[in-house]
Amino acid sequence: MTAAKIIDGQAIAARNREDIAREVAEMFNRDGVVPGLAVILLGDDPASHVYVRSKRKFAKDVGMKSVVHLLPAETSEAELLRLIDQLNNDPEIHGILVQLPLPGHIDKNAVINAIDPEKDVDGFHVENVGRLATGQDGMTPCTPLGCMILLRTCLDDLAGRKALVIGHSNIVGKPMARLLLGAFCTVTIAHVKTKNLDDECRAADILITAAGQPNLVKGDWVKPGAVVIDVGITRINLPDGKIGITGDVDFDAVKQVAGHITPVPGGVGPMTIACLLANTLKAAKGLIGHAAASTLDVEVDHPTV
Ligand code: GUN
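In this text, all values refer to a predicted model and were calculated from it rather than measured experimentally.

Peer 1: What am I meant to see in the nonpolar core here?
Peer 2: Most often, soluble globular proteins have nonpolar side chains that are buried together. Core analysis: the largest hydrophobic core is formed by 28 residues, its most contacted members being Met148, Leu151, Leu158, Leu180, Ile206, Ile208 and Ile229. The element that contributes the greatest number of residues to this core is helix 6 (residues 142-154), accounting for five residues. Setting aside chain neighbours within four positions, we find Ile206 in contact with Leu151, Leu155, Leu158, Arg161, Lys162, Ala163, Leu164, Cys185 and Val227. With 25 residues, the next largest nonpolar core counts Val62, Met64, Met139 and Leu281 among its residues.

Here it is as structure tokens:
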């Protein structure tokens, strides 16, 4: 058996960002509008800081306005809601993202649902979740959208294929399953209570895993020729003392069996950010006619409250 083709998420995301940068420039030349993305981060979680830095870097790279609000972990829910209200009413901001997880004293759903659905570039607002569930256009969550783009690079037609999604989170698993269903896959969602996960995997033509459990998916769990998309991100200590990331799949074993496979890093991760930028552009297109951005990169460090 030949080894799987590696799906190069890095290269596909780079091409998507080039397209987005071109559209951002066209929008500015035509309408004088610069798409603006505001990211809010509470606390000191190192992984969240890494993600937010990347989001900011790539937003700037494609010519968007990037505003990062760094708040202390003790920030009250009321204060966070006030900031969201301010950003909802800011004509230079088209996309708002609150980095998750949030500290335990904050009601995550209250915060997500306070974001104007048209600026909800994560697609987590209950209105956007409902739109996706009922096949209406809205904001689609970035990681599942990125996975669909990767899948379409290796499969002409998804209809009728058996897809297994491991993980039932609101961020990945559930919206992923809805997108696959929209493409007429026969979809199964597995989770911590699923029995015989290995057999579920063996039945899948498309296997998408978002469990956050290294080496969960073994080589002999995978159907020969299947497309394997690894969304897992677990931070690990590398031999050189640095921090690296690993996925959910036993990559070396699974690549001997699968038809296509994403690496970690360099697979889904870059696509998530490319799709965030695409959603921000989409939001800006929907809100054209509002003011142009004045300052392109802003970091707002809020004092401890
Ligand atoms: N934390 C982990 N993934 C995500 C994501 O896609 N969006 C937000 N807001 N927080 C996250």
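Peer 1: What's the story with the site of the ligand in this structure? I'm lost.
Peer 2: Taken together, Leu97, Val98, Gln99, Leu100, Asp122, Phe124 and Ile171 make up all the residues around the ligand. Note that a nitrogen atom of the ligand is positioned 3.3 Å from one of the side-chain N or O atoms of Gln99. The separation between a nitrogen atom of the ligand and a polar main-chain atom of Leu100 is 2.9 Å. Look at the ligand: alone it shows 280 Å² of surface, and the protein chains cover 82% of it. At a threshold of 2 Å from the grid points, most atoms of the ligand map onto the largest pocket. The residue inventory of the shell around the ligand, partitioned by class, reads five nonpolar, one polar and one charged.

Peer 1: Teacher, can you tell me more about the side chain of Lys119 here?
Peer 2: Topologically, Lys119 is positioned in the loop between helix 4 (108-112) and helix 5 (126-133). Buried charge without a partner: Lys119 forms no salt bridge, and the closest opposite charge is Asp116, 5.6 Å away. Only 2.7 Å separates the side chain of Lys119 from the backbone oxygen of Ile93, close enough to count as a polar contact.

Peer 1: Honestly, helix 7 (residues 173-182) in this entry has me stumped. Any pointers?
Peer 2: Every α-helical turn comprises 3.6 residues, leaving residues that sit three or four positions apart pointing alike. Listed as buried for helix 7 are Gly173, Pro175, Met176, Ala177, Leu179 and Leu180. Within two residues after helix 7, Phe184 carries a phi angle of roughly 65°, on the positive side.

Peer 1: I keep staring at the environment of Asp240 and nothing clicks. Help me out?
Peer 2: Along the polypeptide, Asp240 turns up in the loop between strand 9 (234-237) and strand 10 (243-246). Its relative accessible area of 53% is what places Asp240 among the exposed residues. Separated by 14 residues in the primary sequence, Asp240 and Ala226 place their C-alpha atoms 34 Å from one another. From its side chain, Asp240 meets the backbone nitrogen of Lys242 in a polar contact 2.9 Å long.

Peer 1: Can you walk me through the packing of aromatic side chains in this structure?
Peer 2: For any two aromatic rings, the description comes down to two numbers: the centre-to-centre distance and the angle of the planes. Evaluated as defined, the whole model comprises zero aromatic pairs. Residue placement shows Lys57 over the ring face of Phe58; its charged tip is 4.6 Å from the ring centre. Note that Lys218 overlies the ring of Trp221, its terminal NZ or CZ placed 5.4 Å from the centroid.

The rules behind the values
- Residues numbered from 1 in each chain as written.
- Predicted model: local features only at pLDDT ≥ 70, side-chain atom pairs only at ≥ 80, totals over all residues.
- Heavy atoms only, no water.
- Core = buried A, V, L, I, M, F, W, Y, C linked by side-chain atoms within 4.5 Å.
- Buried < 20%, exposed > 50% of the residue type's maximum accessible area, 1.4 Å probe, protein only.
- Helix = DSSP H or I, 4+ residues; strand = E, 2+ residues; numbered from the N terminus.
- Contact = heavy atoms within 4.5 Å.
- Near = heavy atom within 4 Å.
- Polar contact = N/O pair within 3.5 Å; in protein donor to acceptor, adjacent residues only side chain to side chain.
- Areas by Shrake-Rupley, 256 points an atom, 1.4 Å probe, with all protein chains shown as cover.
- 1 Å grid on protein atoms, 1.4 Å probe; cavity = no way out; pocket = protein on both sides within 12 Å on 5 of 7 lines; lining within 4 Å.
- Sits in = over half its atoms within 2 Å of the grid points.
- Nonpolar A, V, L, I, M, F, W, Y, C, P; charged D, E, K, R; others polar.
- Lys, Arg positive; Asp, Glu negative; His and termini not counted.
- Salt bridge = Lys/Arg side-chain N within 4 Å of Asp/Glu carboxyl O.
- Phe/Tyr/Trp six-rings, centres within 6.5 Å; stacked < 30°, edge-to-face > 60°.
- Lys NZ or Arg CZ within 6 Å of the ring centre and 35° of its normal.

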